[in-house]
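Given next are the chains, with one letter for each unit.
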Amino acid sequence: MYRRIVILTGAGISAESGISTFRDQDGLWEKHHIEDVATPEGYAKDIQLVERFYNLRWQDLQRPEILPNAAHQALAKLELEFEGELLLITQNVDDLHERAGSLRMIHMHGELKKGRCPKSQQTFVLREPFGEDNCCTCCIPAMRLRPHIVWFGEMPFAMDRIHDALDECDLFIAIGTSGTVYPAAGFVDTANHHGAQTVEVNLMQPDPHSQFQYHFTGKAGEIMPKLVDTILNGNILGANKCKLAQA
């Protein structure tokens, strides 16, 4: 039976709910160069462009058809019913995990529905679009809020806490994210080094150089409910991999 679980989710789990991954194969985000809308330098150069980009993403997230899927719900169930320690880490900036009921989690790349004071670093729930009138309440004079998003060149949040959890976990699961690209590649290495079982859930076939011990290929919304039930039943994945995959 597992006692400490760490789970990492990436763009793949949100894509199943209809959220665009934004980044295209040509390196553009919604027809914008990444350096223009996802770097501190781009923000300093053209605040209005960056604000428009994130305001559109914020509005898109509020579409009524954007809902948590079965994978989000399964992870919330695991948090509620698992008797050990669980930490959910997401690279996604949407709030679908929270809407499904997850509470013990880290948004390592920030949150689309929050703004941040550039001086105090205090965060605020975004109740209106970014703009010159959307300011913090922690400073005098008030500071214009910036997106609470980790841009290229910035450090992801809570890395010390994440690495501490990986050092101690006995099961690490990565869902909807490439296992050969950082941070997932570093996370699986750490978990393997400390003797944890490591599992990848992805639509794509595993990379031949993947360090994960177990792979489940398919939609997270179909795989995760079965995987969560396996864990909650006190089973170890090595003995149940074939049964799980065929269920």
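Here, every reference points to the structure presented above.
Every value quoted in this text rests on a predicted model; they were computed, and no experiment measured them. (Residues numbered from 1 in each chain as written. Predicted model: local features only at pLDDT ≥ 70, side-chain atom pairs only at ≥ 80, totals over all residues. Heavy atoms only, no water.)

## Focus: the overall build of the chain
Across its full length, the chain holds 10 helices and 11 strands. Burial status across the chain gives 49% buried among its 247 residues. Looking at the chain alone, contacts between residues at least 24 apart form 61% of all its contacts between residues at least 6 apart. With an accessible surface of roughly 12500 Å², the chain has 52% of that area assigned to carbon and sulfur atoms. (Helix = DSSP H or I, 4+ residues; strand = E, 2+ residues; numbered from the N terminus. Buried < 20%, exposed > 50% of the residue type's maximum accessible area, 1.4 Å probe, protein only. Contact = heavy atoms within 4.5 Å. Areas by Shrake-Rupley, 256 points an atom, 1.4 Å probe, with all protein chains shown as cover.)

## As for the pairing of strand β10 (residues 197–202)
For β10, the buried fraction is high: six of the six residues fall into the buried class. Here β10 shows a buried face lined by Q197, V199 and V201 and a second buried face lined by T198, E200 and N202. Two strands pair when backbone bridges link them, and strand β9 (residues 171–175) and β10 are joined in this way by five bridges, in the parallel orientation. Within β10, the position partnered with I173 by the bridge is V199. Note: β10 against strand β11 (residues 214–217), four bridges, orientation parallel. Pairing of E200 across the sheet is with H215, part of β11. (Pairing = 2+ DSSP bridges.)

## Focus: the sheet that holds strand β4 (residues 85–90)
Strands sit in the order β5-β4-β1-β9-β10-β11 across an open sheet of six strands; the sheet is parallel. In this open sheet, the two edge strands, each paired with only one partner strand, are β5 (105–107) and β11. Averaged over all pairs of adjacent strands, the angle between strand axes in this sheet comes to 15°, irrespective of strand direction. By the bridge criterion, five bridges tie strand β1 (residues 4–9) to β9 in an arrangement that is parallel. Across the sheet, L8 pairs through a bridge with A174, a residue of β9. (Axes fitted to C-alpha atoms, helices over the stretch in contact; angles between N-to-C directions.)

## Quick word on the packing of helix α5 (residues 70–81) against helix α9 (residues 220–232)
It is at 7 Å that the axes of α5 and α9 come closest, and there the two elements cross at 15°. Between α5 and α9, the interaxial angle falls into the category roughly parallel. By crossing handedness, the relation of α5 to α9 is classed as left-handed. Seen from α5, the contacting residues are A70, A71, A74, L75, K77, L78 and E81; seen from α9, they are A220, G221, M224, P225, V228, D229, I231 and L232. (Parallel < 35°, antiparallel > 145°, perpendicular 65-115°, else oblique. Left-handed = near helix turned anticlockwise from the far one by under 90°.)

## Comments concerning the sheet that holds strand β6 (residues 110–116)
Consider a sheet: its strands pair through backbone hydrogen bonds, and that pairing is either parallel or antiparallel. Strand order across the open sheet formed by three strands is β7-β6-β8, with antiparallel pairing between neighbours. If you trace the sheet from one side to the other, it starts and ends with β7 (123–125) and β8 (146–149), each paired once. For this sheet the average axis-to-axis angle between neighbouring strands, irrespective of direction, equals 55°. As paired elements, β6 and β8 share three bridges and run antiparallel to each other. Residue pairing in the sheet places R116 in a bridge with R146 of β8. The sheet strands contacting helix α4 (residues 47–61) are β6 and β8, and the helix crosses β6 at an angle near 125°.

## As for the pattern of salt bridges
Scanning the model with the defined rule gives nine salt bridges in all. The closest approach of N and O atoms between R63 and E65, which form a salt bridge, is 2.5 Å. Note on R63: relative accessible area 28%, which makes it partly exposed. Residue classification places E65 among the partly exposed residues on the basis of a relative accessible area of 46%. A salt bridge links K113 to D95; the shortest N-O distance between them is 3.1 Å. Of the two residues, K113 sits in strand β6 while D95 sits in the loop between β4 and α6 (96–100), which places them 18 residues apart along the sequence. (Salt bridge = Lys/Arg side-chain N within 4 Å of Asp/Glu carboxyl O.)

## With respect to the packing of aromatic side chains
Applying the stated criterion across every chain, the model contains five aromatic pairs. Measuring from ring centre to ring centre gives 4.9 Å for F53 and Y54, while their planes differ by 85°; the resulting arrangement is edge-to-face. Classification of Y54 by relative accessible area gives buried; the value is 4%. Ring plane angle 40° and centroid distance 6.3 Å describe the contact between Y54 and W151, whose orientation is recorded as tilted. One end of the pair, Y54, is in helix α4; the other, W151, is in the loop between β8 and α7 (159–168), with 97 residues separating them in the sequence. The pair formed by Y54 and W151 is uniform in burial state, with each residue classed as buried. Taken together, the aromatic side chains of Y43, F53, Y54 and W151 make up a single cluster linked through ring pairs. Above the face of the F53 ring, R57 is positioned so that its terminal group lies 4.7 Å from the ring centre. (Phe/Tyr/Trp six-rings, centres within 6.5 Å; stacked < 30°, edge-to-face > 60°. Lys NZ or Arg CZ within 6 Å of the ring centre and 35° of its normal.)

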